[in-house]
Amino acid sequence: MRIKTVDVVGLGLNATDTVFMVRDFPALGGKERVLSSSAQAGGQVATALVTCQRLGLSTCYIGKVGDDEGGKVQLASLKHEGVNLQFTRVVRGAPTQYGHIFVEQKTGERTVFWDRDARLTVTPRELTESAVTSARVLHLDGCDIDAALKAARWARRAAVLVVADLDTVYKKVESLFPYIDYLIASTKFLPTLTGQDDPFQVLAYMAHEYKMKAPGMTLGRDGALVHYAGRFYYSPGFVVETVDTTGAGDVFHGAFIYGLLEGWEISRILDFANAMAALNCTALGARGGIKTRSEAEKLMAMGARHVNPAYVRE
């Protein structure tokens, strides 16, 4: 039996974002004054790991940054949070993945412009098997698919749970599906990939076709829907004063992993993840509003919900 030395290992994206606040999104060809701008550390897997770390889990990040200022910001942020960076590499001469994120002040919704240098790709030969098999959970976002697939196969053989946050239809991403235990995709990912628009049908299909324990999807302000143990679980989103929706899904996944490792029932996991995601939206940046377990549980106990009847089944 392998000794588990870390709770969560993550393989996937990090990014250093510049967040611009504007009053309104202009029409195409228009102009809008920037109210404020700030540099923020982000990225799907990196932010999920920070969420796990703040909730008390131990984490390890597998990925690459450039040797530019953005890379220094990302490394400093992860190091400050206590994330193990043993398998994080600095690529000389390459820029760190960046995002220019424009946030509409009146709604908190954001539009992202981004780029990632090919030299930041993690290849299968750069992976270390023990980095994956010594964890309790492997978290993936489907980027660098060949490396992700190798890590997922190692995880399956070592009985390491695989959680995936998929929102981009990368080439060959479906090759990961047989190795994923808990898939919480973005709203449009599975319908785009499968051609099935009905969320209930597509989640039931993923559970049957790929034997996933819990395929699901986040639904923005409406919460999340998951197929688990033969039935559907819908958790409505929480009503908060939204400042910036950036990173909400990443925080959701970190909180989901925390609940999973705590051994909670799926309905409680979803409510907790929704609460953490909602609270993150109350501040600027991908990690600006990551709160504590007690703050999330307070919102769970007292918060209003965005209930969408389309996802409610008796």
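Conventions used here
Residues numbered from 1 in each chain as written. Predicted model: local features only at pLDDT ≥ 70, side-chain atom pairs only at ≥ 80, totals over all residues. Heavy atoms only, no water. 1 Å grid on protein atoms, 1.4 Å probe; cavity = no way out; pocket = protein on both sides within 12 Å on 5 of 7 lines; lining within 4 Å. Points joined across faces, edges and corners; volume = space filled by probe spheres on them. Nonpolar A, V, L, I, M, F, W, Y, C, P; charged D, E, K, R; others polar. Phe/Tyr/Trp six-rings, centres within 6.5 Å; stacked < 30°, edge-to-face > 60°. Lys NZ or Arg CZ within 6 Å of the ring centre and 35° of its normal. Helix = DSSP H or I, 4+ residues; strand = E, 2+ residues; numbered from the N terminus. Pairing = 2+ DSSP bridges. Axes fitted to C-alpha atoms, helices over the stretch in contact; angles between N-to-C directions. Contact = heavy atoms within 4.5 Å.

(A) Examining empty space enclosed by the protein more closely. Taken as a whole and judged by the stated rule, the model has one cavity of 30 Å³ or more. Reported here for the largest cavity is a volume of approximately 30 Å³. What lines the largest cavity is simply Gly12, Leu13, Asn14, Tyr61, Lys64, Gln97, Arg116 and Leu120. By residue class, the composition of the lining of the largest cavity is three nonpolar, three polar and two charged.

(B) Quick peek at the packing of aromatic side chains. For the structure on display, the rule yields twelve aromatic pairs. Of the aromatic side chains, those joined through ring pairs into one cluster are Phe20, Phe102 and Phe113. A cation sits over an aromatic face here: Arg231 above Tyr233, 4.3 Å from the ring centre. Above the plane of the ring of Phe200 lies Arg313, whose end atom (NZ or CZ) is 3.8 Å from the centre.

(C) Representation of the layout of surface pockets in the model. When its volume is computed, the largest pocket comes out at roughly 1400 Å³. Taken together, 46 residues make up the lining of the largest pocket; nearest its centre are Arg110, Thr245, Gly247, Ala248 and Gly249. Put simply, the parts of the chain that give the lining of the largest pocket at least two residues each are strand 2 (15–22), strand 6 (98–104), strand 7 (110–115), strand 14 (237–238), helix 7 (248–262) and helix 8 (266–280). Looking at which element gives the most residues to the lining of the largest pocket, the answer is helix 7, with five residues. Its residues assigned to classes, the lining of the largest pocket shows 17 nonpolar, 21 polar and eight charged. Counted as a void, the second largest pocket has a volume near 160 Å³.

(D) Focus on the sheet that holds strand 3 (residues 34–42). Spatial strand order, 3-2-6-7: four strands in an open sheet with mixed pairing. Because the sheet does not close on itself, it has two edges, and the strands there are strand 3 and strand 7. When strand polarity is set aside, the average angle formed by the axes of neighbouring strands in this sheet is 20°. Pairing of strand 6 with strand 7 involves six bridges; the strand directions are antiparallel. Looking at strand 7, one finds that Gly99 is bridged to Trp114. Against the sheet, helix 2 (residues 69–81) touches strand 2 and strand 3, its axis set at about 100° to strand 2.

Don't take any of this as a statement about function, it's just geometry.
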